[in-house]
Each structure stands twice: as C-alpha cells, then as structure tokens.
Amino acid sequence: MLVDPFLPGWRWRWGSLLCKCAAIVALLALPAAAQTSGAGDSLSAIRAGFAAPPMDARPMMRWWWFGPAVEKDELARELRVMKAGGIGGVEVQPVYALELNDPQKGFHNDPFLSKEFLDRLSFASQTAHELSLRLSMTLGSGWPYGGAYVPVTNASSRLRIAAVVIPAGASSLPVPSIRNGEALLAAFVAPGTPRHYDADRAEQITAIGKFRLTVPAAKGTEPRVALFFISSRTGQQVKRAAVGAEGFVLDHFSMEAIQSHIQHVADPLIEACGTNTPYSVFSDSLEVYGADWTPKLPEEFRARRGYDLAPRLPELAEGTSEEAADLRYDWGRTLAELIDEHYLTPLNTWAHTHHTKFRSQSYGSPAVTLASNALVDLPEGEGSQWHSGFSFTRWATSASHVYGRPITSSETWTWLHSPPFRATPLDMKAEADTFFLQGINQFVGHGWPYSPPSAGDPGWAFYAAAVFNDHNPWWMAMPDAMSYFTRMSYLLRQGAPANDIAVLLPEEDAQARFRPGHVSVTDELRVLLGPDLVPAILDAGYNLDFIDSAAIDQVGIHYRVLVMPPTERLPLATYKKIQEFARHGGLVIAVRSLPSRAPGVIEGPRDTAAVEQISQVLAAPGVKNVKVVASTADLGAAIGAAIKPDVALSPAAQAVGFIHRKLHGADVYFVANTDNRPHVFDATFRAARGGAEWWDPFTGRIKGAGAGPTIHFDLAPYESRVVVFREGAAPVEHREAAPFAPIDLSRDWRVTFDKTHATVSMSALESWTALEAEKYYSGTATYGRTVEIPATVAKSGRVILDFGEGTPVARETLHQPGTRVWYDPPIREAAMVYVNGKPAGSLWHPPYRLDVTALVQAGSNQLKIVVANTAINELAGRAAPDYRLLNLRYGEKFAPQDMDHLEPVTSGILGPVRLISGQ
C-alpha cells in the first residue's frame, strides 16, 4: 500500500503498521514449508504421527491454584497424574481462595508473588520440565491484567460524561467532583436534556473555574444542559484475583501501565522459572469493561488523525450524522492502534526476549481487530458456536490461517454442562468437535483445579468450569479421551487449511458504531454479520475464514472467493486490492450492495468518490467475477455457480460439519455429527483423488473406505470420522461373517460398588439411583456375569458387544454460555470392558459397541465391565459449602455455579446389552 507519510495521522499509523508488518516479514522470511506445521512432512511420516502423536499435540489444562495454597508434594503428584492421563501440559492460573488460613491445620494462602508462591512456581516449572510437560503462565492472577501494584493513574480508563440541567436564569453551575486519576477535558452547553441533547449545537465553554462553570445566558426558552467530559477510570478490579493480587485492572492503552505490569508481575514470574523456559505466557480475553479512553488519548489522536478530538466530544457521544460516525471510526482505530502498540507488542517483545511465546485471546473489549492477532505468536479463541454468525474461535483460527500461524489454541470446556463435576467425556468430545470444525488444533482445557489431600473427594472446583482431574470418578476414561483429542489436534496441524471462502469483516462499520462505554469490534461484528451469513456458506458445502481490511492490505487475499457482508465503509486502498483480486480471477460476492464510503473524518471526504467509482465499475453489467446478491440466502447458489462444493451431503444435514486440510499427496477431511440424533448420508468430496481411507482418530488405525468421490456415512449422535483421499489408498477390507441371532445380556448381573464393597444382584439393569443405599454413590462399580456362547457364534467371524443407542433429550435454553450434549447414553458415563480377563476397550461416546471377536470363545465366557458415573451424586447427598466467613474475609470473588438443588444423576449400565453379528 502506497501512502503519503506527510498526510495527517500517517506518522503514527506507520508505527502501528510497522509493528504488524515486522511480524509478517519475519514469517514470510521462513521457508514456505516452515510456515505451516507439517506442510513438508511426507505422508508416511504423517501416518506414523497419527498412529503415535507427539506430546506437543496433547491438550493442556488450565491449572487453578486457589489461594494460592499449594504444596510441593501435591503439585508433583498432580503433574504425574496429568501425564499418565494423556495431558501434555498446564497453564498456571492463581485465583481466589477457597479456604481461610488455619494455623492449627497448617493451612495458609500464600500471597501472589510472595517468596513462598514463587518458590512453588519454580518447583512446578522444574517438575513439569522433568516430566516433559509444557508449562504456560498467565502473566498475572485472574483476569484482566492488573493488581495491587496498579495506581489509579495507571488504571483502566473511561470517558465520563456528566450532563447537568441548567436551571432557568442560572449563570453558573458547580463543576463535578474531580478526584485522583481524573481530569476535566472540556465543558459544553447544549440544548436538550441529560438523556437527549443536540450534539450539533453544543457550544464549548472555556470559562471554567476550579469549582464552578460560567454558562452563557439563554437565547430562548428551550431546556439546556451543561456537558462535562472527564478523563476518568472504570474502577474495574481484577476478576477472581488470588490473595495479594487484588487491585485495579490496568490501562490497556498505556505503555507506562504495561511496562509497570511487566516490571512488577511478569519479570518475577519468569525469573521464578529459572532455566526452565515456559512454553508460553498468556493473556486472557480482554474483558476490560467500559474502557474507552486513556489520559494521553487527546494528544495521540491529534498526532495520528490530524485534528483535535476535544472540541467534538459531544458529537462523539451523541452525534447522528455520517461525519459523527466517521469521528467514532477515527476514535476506534486510534484505540485499536494504542492497544496494539502499547499492550500486545510490548508483551510479545518481552516474551521473545525471554525465549518464550506469547499466547493471547485478542478479542472482546476494548478495541482489538482481527489484525491484532498478527502481533502474537499463538492466537487463542473460545466458544463452540461453529454454525453461528460469529465466534471468537473462528476469529482466532482465521487470523492464524491468514498470517500463517500453524497452531491455534482454544480455551475449551468453559462452563461445560454446568454445574462443576457434571460434565462427562461425551460432553468433552461433543464440544471439542465443534472447535475442530473451526480449525482449532490445540486445546487448553478449562480445567484442572488443584485440590489438597485435605479436601477429599471430589475436592475443589472452579466456579465456572468442568473438572478434569483424577478426583472425577470417570478419570479412568481420560487417557482414551485425551488420545482422541491429541490425534485430531496433530492431524489438523498437518499441511495447510483448504478453506475456499474469505468473509470480509466490516470492522470500519463496527468502529463507526462505537459509543462511550462500548468499544468492542467483536461485539459489533455479531450484529453486522448477523446470524445467517456463516451458516449459509457452511450449509452450501464450503468452509471459510474471516479477513479484515488490514490483513488484505498486508498479505492479500489468498482465497477463491471473497464474500462481503453489507458494508458501508471501506478504506480506498483495501478496495483497490479487492478490485485487483477480482481482475485476476478471484470471485467477489457482495450481500445487498457494494461499499459506498471511505471511513474517517479526513479520508472520507477525500476518498469516498473513488470508493463509489470502484463500486460502480464492479457493479456494471458484464463485469466478470463480481456478484451482488439480494440476501445471505442467495450466497450458496452464487458460490456454487462458480466452484463446486468442497463437500456435498445428500440428504443435507445442517448439524454435520467438516474441515479440510490439504497435504502433499493427500486431502484430509474431518467430518462430525454435532446433533443428538443419527445422520445417514452420502458425502461427495471435491478433492477426492485415488482412493479413500478411514483414519480412526480413537485408535490410529487406517483402513480402506472405497474409491470416492462419494462416501457413505452412518453417524451416530456426536460421532465423528476422518476420511483421507490419496493415491495408493488401502483397499476396503472384506471380512466374512456368518449372521446369528442377537444374544441378550441385559439380565442377571452381579454389581459391586468399588468404594463401599457393597454387592447387589441385578435381575434387570437399572440406574444405581434406584437403589436406596447407592442413591448418592459416586465412583466406579464392577458388573460381572458369565456368558455362554455357542461355537457357531464364536466362529461367526465378527461378534459385537452392543449397549444400545441411547436417547435424544429435548434441547433447552441454557442460562449460562456453556454447552452440553442433549443425549442420554446407554452407559452413564464411561466403562472399561474386559472379556475373559483381557481388555476389550473403553466406552464413553457413541456408538456404544465393541468388537470382541478376538476375545470370545465357545462355551463359558467371563464378562466384566467397570462403570464410572459423575461426582454429582455424592455432592447431592451433602450440604453445600458455606462460604460466609470466606466472603467476609476476602470479598465475594465467585458464586457457586448451579450448585443449589442438586439431584443424583442416572448412573450405570441402562441396557439393553446384546451380542450381535457384525455383518
């Protein structure tokens, strides 16, 4: 992009642009194969990696240190258990206390950053290193960054507007109280009321005394207000802070504030790790509510935009004209530049100085854009909304795809199937699949609560999360669940993403919609994109990434199709690149209309005519590669007229999604049913070549799937499959199997409850909760019985142990943002199956069946099934914890999530259980 460096504002815009360009240049200097994980690996190496994935593809866990009150012996034990359970590392997150100090019991909350805390962090870092586990750190306690060291002068800032009615005949008014950390910016008189005033007729008043404002005499009888614009502070405190970490959230627009944070918090944390460099350091989601200002904003704005903001503050707050919207856009992009330059860039630079990586959830409030992700090593998302209009997860994966980042992580399983301890392995899988469908290939589980031995079972839990430690009764299934997540994460790092569609995010329109107190691009994009655009593309058989104007300016458009949602404002330089994209064969599809304005108070009048001219040229009859459709409902047909669907389903199934990766010599498709009902369909794959193979993400085994391009799928609820197309694919296996009548095994089981050693005989399978003595039992129970198998069955060729199909559950609107499966499985919640003393496998997801052909024998067979439920039943039989004294001592840092009115949950094998023929 060619610009005049002497135009107003460009001196500072260059600074922000150069920050991002430096990151891009460093990336592009790498060999092409190095830009995408696994891009240069041979297919044989990838097959080997799929069978035995590397440790660095394992999920990590957010490790909550409550208090912090942690001891070395328990830290070491938990790290060893994590590794044994298939977990690959931790993100240390010190948070609020769960117990009061008790000298008699030797229990003590060591303040955050105290000598004792840092000693334990050093120990955890060394132990993780010895176990080959990755350790990441949040550079703080709770979120967002801040703490006790933050003075009010470095605290999160906002524009405070005090509107005061001017009484008739008044010649002066008291100036609002201005306290430490605040400054009066300007005062105005405007016709109207405090809620509705005419910003265009506001008159700035300069006669401001220390305590009173002199107001001009009224020229009529209409009501008037005095408007005081004050540089103030949000007052937001760090959320869920540990003991000693309480305090103001810092000003994310201030270089002084972030450098102070680095000095007081980041440096001691990294020094505690010694030579065991953390895998990464982390910034959580930017939930800095109401932050829309910084004390140096007026001078930064003047230098970057080329005009003064102060005289136009009433217009910023309440103006209704197009120029007022351009003013807000200028304000929004200034804030975006400041958070890029004064928050993300210093942290990324600091991380590199200390030979680690910066992982960041760069979304939310305040002000970041998609291109902000170019400034971090590891973009991270959250949110399972794969089929919705906008998600933070697709925001992060899109940035990684656009900027060539091979790994994108997600904060996964937050609020999963509330309350804590209710989530199951199937809940985990169902949500994980929605992240895979959006391109995630590294999980950070939410999470693992440190729990001292004194807490017993089920131990401590974070207020807004599932629990994935070994206090959970179904922990026995965790290695198999982690194996699935690891294998899929590994595979989705290989090659390159193959998304056809780029959706242009109307960020300039989003910034033009900013208002004091609300400056979130991502919040505005939910409205501007609407709920239907993304599903329209997905349902037509394509996948997509988001892209913004800055990304187009920096790296171009490397997609087959660019979709433009309804967009009013677009920078001229970006529009010229889009025009070139179409001229060179790229397809541009605009919904409803093409852009009509250039954004910005200075650039708008200068460039709008040129923007309109490009739109006229592109919309002219006969112009190739540009289409304007009436609505999002027309998108699928418009794209389909130019390129075949990547995956076409027959019959269509909106609940079935896919993600496609292109390897050297192969194409990988992950296909997932996100529904609580089975789906049977034929899928036609555009990239089919040679033959098809099933790559089993649970076992790592590979077998032939046919010739393609059309493959038949019969997916159980929440089932997923991987199909790979390549030359020389494995042939389809044909196993001879003699059919036999099903053998019912639903009766006459002997069940031993392993914690209590109580044993019962079940003439018919039923939930443990139906047994009065076991109603509140949480743990494992061992089912056993003898099975007589005829020789004809044992030699039939394929014998399947089948537990039934489960039952869909009616969906409800959840009162918190998490997810859950809407399905009651036939095994509640996980089982390990043994036939004649040998392991047959685990059952924790549909389809609930195992191939036991190699284990059964003619005659008598011993069947043992170890079943685990959740900890909810045990909790339901107890009184809820009383946090009254804790809250009086430390303040109410959390509210237990859905822990009132707990009821025992159905548990055990529900049946029917059968041996069936595996034809």
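The structure this text deals with has already been given above.
Figured I'd write up the structure that's included with this text.

**Some remarks on the overall build of the protein**
Here's step 1: Scanning the protein from terminus to terminus reveals 22 helices and 46 strands.
Here's step 2: Along the three orthogonal principal directions, the C-alpha set of the protein runs to about 105 × 80 × 55 Å.
Here's step 3: For the protein, buried positions account for 60% of its 919 residues.
Here's step 4: Charge separation in the protein, taken as the distance between the mean sites of 83 positive and 96 negative side-chain charges, equals 2 Å.

**What about helix α3 (residues 43-51)?**
Here's step 1: Residues of α3 that are buried include every one of L43, I46, G49 and F50, and no others. Down the axis of α3, the buried side of the element spans an arc of 120°, and every buried residue falls inside it.
Here's step 2: On the buried face of α3, the contacting elements are α12 (478-491), β26 (656-663), β27 (666-673), β29 (691-695) and β32 (720-726).

**With respect to the nonpolar core**
Here's step 1: W63, W65, W413, F462, I537 and I578 are the most contacted members of the largest nonpolar core, which totals 201 residues.
Here's step 2: Among the elements that make up this core, the one with the highest residue count is helix α9 (residues 322-353) (10 residues).
Here's step 3: Sequence-distant contacts of W63, defined by excluding residues within four places in its chain, comprise L75, E78, L79, M82, V90, E91, V92, Q93, A124, W448 and Y450.
Here's step 4: By size, the runner-up hydrophobic cluster in this structure holds 43 residues, among which are Y718, V793, A840 and L855.

**Topic: unusual backbone geometry**
Here's step 1: Across the junction of W143 and P144, the peptide omega takes the value -15°, indicating a cis bond.
Here's step 2: Mapped onto the elements, P144 comes out in the loop between β3 (134-138) and β4 (146-147).
Here's step 3: Note that the residue after S650, namely P651, is joined by a cis bond; omega there is -5°.
Here's step 4: Here P651 lies in the loop between β25 (647-650) and β26.

**As for the environment of W63**
Here's step 1: Among the structural elements, W63 can be located in strand β1 (residues 60-66).
Here's step 2: Classification of W63 as buried rests on a relative accessible area of 0%.
Here's step 3: A C-alpha to C-alpha distance of 8.2 Å links W63 and H446, two positions 383 residues apart in sequence.
Here's step 4: Within the local environment of W63, its side chain forms a polar contact with the side chain of E78, the two groups lying 3.0 Å apart.

**Looking at the sheet that holds β29**
Here's step 1: With antiparallel pairing, six strands are arranged side by side in an open sheet as β19-β26-β27-β32-β29-β30. Bordering the open sheet on either side are β19 (496-497) and β30 (702-706), each of which pairs with just one other strand.
Here's step 2: Relative to β26, β19 is paired through two bridges, and the arrangement is antiparallel. Note that in β26 the partner of A496 across the bridge is K662.
Here's step 3: Strands in contact with helix α11 (residues 425-436) are β26, β27 and β32; relative to β27, the strand with the most contacts, it is inclined by about 140°.

**Structural notes on the pattern of salt bridges**
Here's step 1: Counted under the stated rule, the structure contains 47 salt bridges.
Here's step 2: Across the salt bridge formed by E222 and R201, the nearest N and O atoms sit 2.6 Å from each other. Of this pair, E222 sits in the loop between β9 (212-214) and β10 (224-233) while R201 sits in the loop between β7 (183-191) and β8 (203-205), and the two are 21 residues apart along the sequence.
Here's step 3: Here E222 falls in the partly exposed class, since its relative accessible area comes to 40%.
Here's step 4: By relative accessible area, which is 48% here, R201 ends up partly exposed.
Here's step 5: Here E341 ties to R304 by a salt bridge, and the two come within 3.0 Å at their closest N and O atoms. Remark: R304 occurs in helix α7 (residues 297-305) and E341 occurs in helix α9; sequence separation between them is 37 residues.
Here's step 6: Within the structure, one salt-bridge network assembled from shared partners comprises R62, E91, D284, R359, E380 and E411.

**What to know about α7**
Here's step 1: α7 sits mainly inside the fold: seven of its nine residues count as buried.
Here's step 2: Of all the residues in α7, the buried ones are L297, P298, E300, F301, A303, R304 and R305.

**Quick look at the packing of aromatic side chains**
Here's step 1: Taken as a whole and judged by the stated rule, the model has 47 aromatic pairs.
Here's step 2: Seen in terms of ring centroids, Y484 and F485 are 5.6 Å apart; in terms of plane orientation they differ by 70°. Their pairing is edge-to-face. Considered together, Y484 and F485 belong to a single accessibility category, that of buried residues.
Here's step 3: On the basis of an interplanar angle of 75° and a centroid distance of 5.1 Å, the ring pair of F753 and Y777 is categorised as edge-to-face. Placement of the pair is F753 in strand β34 (residues 747-753) and Y777 in the loop between β35 (758-764) and β36 (780-789), with a sequence separation of 24 residues. Across this residue pair, the class does not change: F753 and Y777 are buried.
Here's step 4: Members of the aromatic cluster, joined through ring pairs, are W413, F435, F436, F443, F468, W474, Y484, F485, F670, F698 and W844.

**Brief notes about the layout of surface pockets**
Rolling a probe over the atoms, with the probe sized like a water molecule, indicates the empty space that remains.
Here's step 1: By volume, the second largest pocket is sized at about 1,100 Å³.
Here's step 2: Only α21 (872-876) and α22 (884-890) provide two or more residues apiece to the lining of the second largest pocket.
Here's step 3: Of the residues forming the lining of the second largest pocket, the biggest block, three residues, is contributed by α22.
Here's step 4: Class assignment of the residues belonging to the lining of the second largest pocket gives a composition of 29 nonpolar, six polar and 10 charged.

**Thoughts on the pairing of strand β22 (residues 561-564)**
Along a regular strand, successive side chains alternate from one face of the sheet to the other.
Here's step 1: The two faces of β22 match: V561 and V563 on one face and L562 and M564 on the other face are all buried.
Here's step 2: One ladder, built from three bridges, connects strand β20 (residues 501-504) with β22; its direction is parallel. Paired with V503 across the strands is V563, a residue of β22.
Here's step 3: Two strands pair when backbone bridges link them, and β22 and strand β23 (residues 587-591) are joined in this way by four bridges, in the parallel orientation. Within β23, the residue paired with L562 across the bridge is V588.

**Points about the environment of L525**
Here's step 1: Mapped onto the secondary structure, L525 falls in helix α14 (residues 521-529).
Here's step 2: Remark: the alpha-carbon pair of L525 and P881, spanning 356 residues in sequence, is separated by 41 Å.
Here's step 3: With near-sequence residues (within four places) excluded, L525 lies in contact with F390, W395, L505, P506, E507, A510 and G530.

What counts and what doesn't
Residues numbered from 1 in each chain as written. Predicted model: local features only at pLDDT ≥ 70, side-chain atom pairs only at ≥ 80, totals over all residues. Heavy atoms only, no water. Helix = DSSP H or I, 4+ residues; strand = E, 2+ residues; numbered from the N terminus. Buried < 20%, exposed > 50% of the residue type's maximum accessible area, 1.4 Å probe, protein only. Lys, Arg positive; Asp, Glu negative; His and termini not counted. Charge placed at Lys NZ, Arg CZ, Asp CG, Glu CD. Arc of directions from axis to C-beta. Contact = heavy atoms within 4.5 Å. Core = buried A, V, L, I, M, F, W, Y, C linked by side-chain atoms within 4.5 Å. Polar contact = N/O pair within 3.5 Å; in protein donor to acceptor, adjacent residues only side chain to side chain. Pairing = 2+ DSSP bridges. Axes fitted to C-alpha atoms, helices over the stretch in contact; angles between N-to-C directions. Salt bridge = Lys/Arg side-chain N within 4 Å of Asp/Glu carboxyl O. Phe/Tyr/Trp six-rings, centres within 6.5 Å; stacked < 30°, edge-to-face > 60°. 1 Å grid on protein atoms, 1.4 Å probe; cavity = no way out; pocket = protein on both sides within 12 Å on 5 of 7 lines; lining within 4 Å. Points joined across faces, edges and corners; volume = space filled by probe spheres on them. Nonpolar A, V, L, I, M, F, W, Y, C, P; charged D, E, K, R; others polar.

Keep in mind that these numbers describe shape and distance, not what the molecule does.
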